[in-house]
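Listed here are the chains, written in short residue letters.
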Amino acid sequence: MYVLIGGAGLVGLSLAQKLVELGHTVAIIDIDSTACRYAREQVGAMAFEGSAVSTEVLLEAGIRKANSLAAVLRSDALNLALVTLAKHYGVPHILSRMRHPDFAEPLRIVGANHIISTVELAVSTMVNAIEYPQVESMMHFDQGQIEVLKLSIPTNCYVVNRSVAEIAQDSRFPTGSLIIGYQPHPQEDLMIPNGSTVLEPGSTILIVTKPGCVHQVIDFIEGCENR
């Protein structure tokens, strides 16, 4: 996949590094010559020095053949302009970073498929870490209507040595929740469990649930030692 990134700041370079590691062909555009040199020499990406909202530079960087474009420039206004140009040149998948929520609707209107609010993401991550310290990670889907939690199974927990089917049929297990992933040990790969999968002590599970059920899920997993 050919990915074009507008902006060689910390986010842009980090994104490029991850994409290169995944085997994608990545090109970065930035006005900073030092950042461009770093992208070439340390990240392994192509880099084009100049404005990411210059049609000349975008064409030189191959925007017409880009499969995805990420707008991570220094201001929302510049990202809005870049998204507009990317849509004009037919890029099928366009992402944009957003600092101020006032730009959310304009970015959607001009063609952004995904809008990532850096402030909202940081605040949400910290709130989750404070409110749910037991949760290793939490992902939000469908505009926050679905939560996916990664939880460790306490050694003396009620669910230890019970099957996924037994847990799902337990009346105390929150309705609408589902165990969708299972990792027996840290060194083993994550697997998709079935009803007969038995949860081992110290293992890790992924549970999909609704926002209002997060506390119930945690209470069920962690509060069941005494049941």
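These numbers were taken from a predicted model, which means no experiment stands behind them.

Enquirer: Sorry, what's going on with the overall build of the chain here?
Expert: Helix and strand content of the chain: 8 helices and 10 strands. The C-alpha atoms of the chain give 22 Å as radius of gyration, which overshoots the globular expectation for 227 residues (17 Å, by more than 25%). Principal-axis analysis of the C-alpha atoms gives the chain an extent of 65 × 35 × 30 Å. Counting every position in the chain, which comprises 227 residues, the buried fraction comes to 42%. Restricting to contacts in the chain with at least 6 residues of sequence separation, those with at least 24 account for 52%.

Enquirer: What is the right way to look at the packing of aromatic side chains in this model?
Expert: Aromatic ring pairs are reported here in terms of the distance separating the ring centres and the angle at which the planes meet. Within the structure shown, the criterion is met by 1 aromatic pair. With 5.3 Å between their ring centres and 70° between their planes, Phe 173 and Phe 220 make a pair best called edge-to-face. Of this pair, Phe 173 sits in the loop between helix 7 (164-169) and strand 9 (178-183) while Phe 220 sits in helix 8 (residues 214-222), and the two are 47 residues apart along the sequence. Pair check on accessibility: Phe 173 and Phe 220 agree, each one buried. A cation over a ring is seen here: Lys 65 above Tyr 2, with NZ or CZ 4.9 Å from the ring centre.

Enquirer: What's the story with the UniProt feature "domain: RCK N-terminal" (unreviewed entry) in the chain in this structure? I'm lost.
Expert: UniProt records the feature "domain: RCK N-terminal" (unreviewed entry) at residues 1-117, using the numbering of this structure. Between the first and last C-alpha atoms of residues 1-117 the distance is 25 Å; the span itself is 42% helix and 25% strand.

Enquirer: I would appreciate a short explanation of the sheet that holds strand 1 (residues 2-6) in the present structure.
Expert: Within a sheet, each strand pairs with its neighbour through backbone hydrogen bonds, oriented either parallel or antiparallel. Strand order in this open sheet of 6 strands is 3-2-1-4-5-6, and the pairing throughout is parallel. Looking along the sheet, the strands with just one partner apiece sit at the ends: strand 3 (46-49) and strand 6 (114-117). Taken pair by pair, the neighbouring strands of this sheet meet at an average axis angle of 15°, ignoring direction. Pairing geometry for strand 5 (residues 93-98) and strand 6, over 4 bridges, is parallel. Looking at strand 6, one finds that Met 98 is bridged to Ser 117. Seen against the sheet, helix 2 (residues 33-43) touches strand 2 (25-30) and strand 3 and runs at an angle of roughly 165° to strand 3. Running at roughly 60° to strand 6, helix 6 (residues 118-131) makes contact with strand 5 and strand 6 of the sheet.

Enquirer: I tried to follow the domain arrangement of the chain on my own but got confused; where do I start?
Expert: According to the domain assignment, the chain consists of domain 1 (2-118) and domain 2 (131-222). Averaged C-alpha coordinates put domain 1 and domain 2 at centres separated by 36 Å.

Enquirer: It is not clear to me how the nonpolar core should be interpreted in this structure. Could you clarify?
Expert: For soluble globular proteins, the rule of thumb is that nonpolar side chains tend to be buried together. One finds Leu 4, Ile 29, Leu 58, Ile 63, Leu 69, Leu 82 and Val 91 to be the most contacted residues of the largest nonpolar core, which totals 25 residues. When residues of this core are assigned to their parent elements, the largest contribution, 4 residues, is made by helix 4 (residues 76-88). Non-local contacts of Ile 63, meaning those with residues more than four positions away in its chain, are made with Leu 4, Leu 58, Leu 69, Leu 85, Ala 86, Tyr 89 and Val 91.

Enquirer: Quick question: what am I supposed to make of a nonpolar patch on the surface here?
Expert: A grouping of Val 119, Val 123, Met 126 and Val 127 is seen on the molecular surface, where their side chains present a nonpolar patch of about 340 Å² in accessible area. Structurally, the position occupied by Val 123 is in helix 6.

Enquirer: Just checking my understanding: could you explain the packing of helix 1 (residues 10-21) against helix 2 for this structure?
Expert: Each pair of packed helices gets described by two things: the angle between the helix axes and the distance between those axes. At their nearest, the axes of helix 1 and helix 2 sit 11 Å apart, and the two run at 25° to each other. By the angle between their directions, the pair helix 1 and helix 2 is classed as roughly parallel. At the point where helix 1 passes helix 2, the crossing takes the right-handed sense. Counted together, Leu 13, Ala 16, Gln 17 and Val 20 of helix 1 and Ala 35, Tyr 38, Ala 39, Gln 42 and Val 43 of helix 2 form the full contact between these two elements. Taken together, the residues that form the contact of helix 1 with helix 2 break down as 7 nonpolar, 2 polar and no charged.

Enquirer: Would you mind going over helix 2 with me for this structure?
Expert: Given 3.6 residues per turn, any residue in an α-helix points the same way as the ones three and four places further on. Considered for burial, the residues of helix 2 that qualify are Ala 35, Cys 36, Ala 39 and Val 43. The buried residues of helix 2 occupy an angular sector of 105° when the element is viewed end-on, so they sit on one face. Of the exposed residues in helix 2, those oriented more than 90 degrees away from the buried face are Glu 41 and Gln 42. Packed against the buried residues of helix 2 are helix 1, strand 2 and strand 3. Between the side-chain oxygen of the N-cap and the backbone nitrogen of Thr 34 there are 2.8 Å, and the N-cap of helix 2 in question is Asp 32. In the segment just after helix 2, Gly 44 is the residue with positive phi, at about 85°.

How each quantity is defined
Residues numbered from 1 in each chain as written. Predicted model: local features only at pLDDT ≥ 70, side-chain atom pairs only at ≥ 80, totals over all residues. Heavy atoms only, no water. Helix = DSSP H or I, 4+ residues; strand = E, 2+ residues; numbered from the N terminus. Rg over C-alpha atoms; globule rule 2.2 N^0.38 Å. Buried < 20%, exposed > 50% of the residue type's maximum accessible area, 1.4 Å probe, protein only. Contact = heavy atoms within 4.5 Å. Phe/Tyr/Trp six-rings, centres within 6.5 Å; stacked < 30°, edge-to-face > 60°. Lys NZ or Arg CZ within 6 Å of the ring centre and 35° of its normal. UniProt positions renumbered as here; feature names shortened; annotations may be inferred. Pairing = 2+ DSSP bridges. Axes fitted to C-alpha atoms, helices over the stretch in contact; angles between N-to-C directions. Domains from an automatic or database assignment. Core = buried A, V, L, I, M, F, W, Y, C linked by side-chain atoms within 4.5 Å. Patch = residues over 30% accessible without salt bridge, like charges linked within 9 Å, V, L, I, M, F, W, Y side chains within 5 Å. Areas by Shrake-Rupley, 256 points an atom, 1.4 Å probe, with all protein chains shown as cover. Salt bridge = Lys/Arg side-chain N within 4 Å of Asp/Glu carboxyl O. Parallel < 35°, antiparallel > 145°, perpendicular 65-115°, else oblique. Left-handed = near helix turned anticlockwise from the far one by under 90°. Nonpolar A, V, L, I, M, F, W, Y, C, P; charged D, E, K, R; others polar. Arc of directions from axis to C-beta. Polar contact = N/O pair within 3.5 Å; in protein donor to acceptor, adjacent residues only side chain to side chain.

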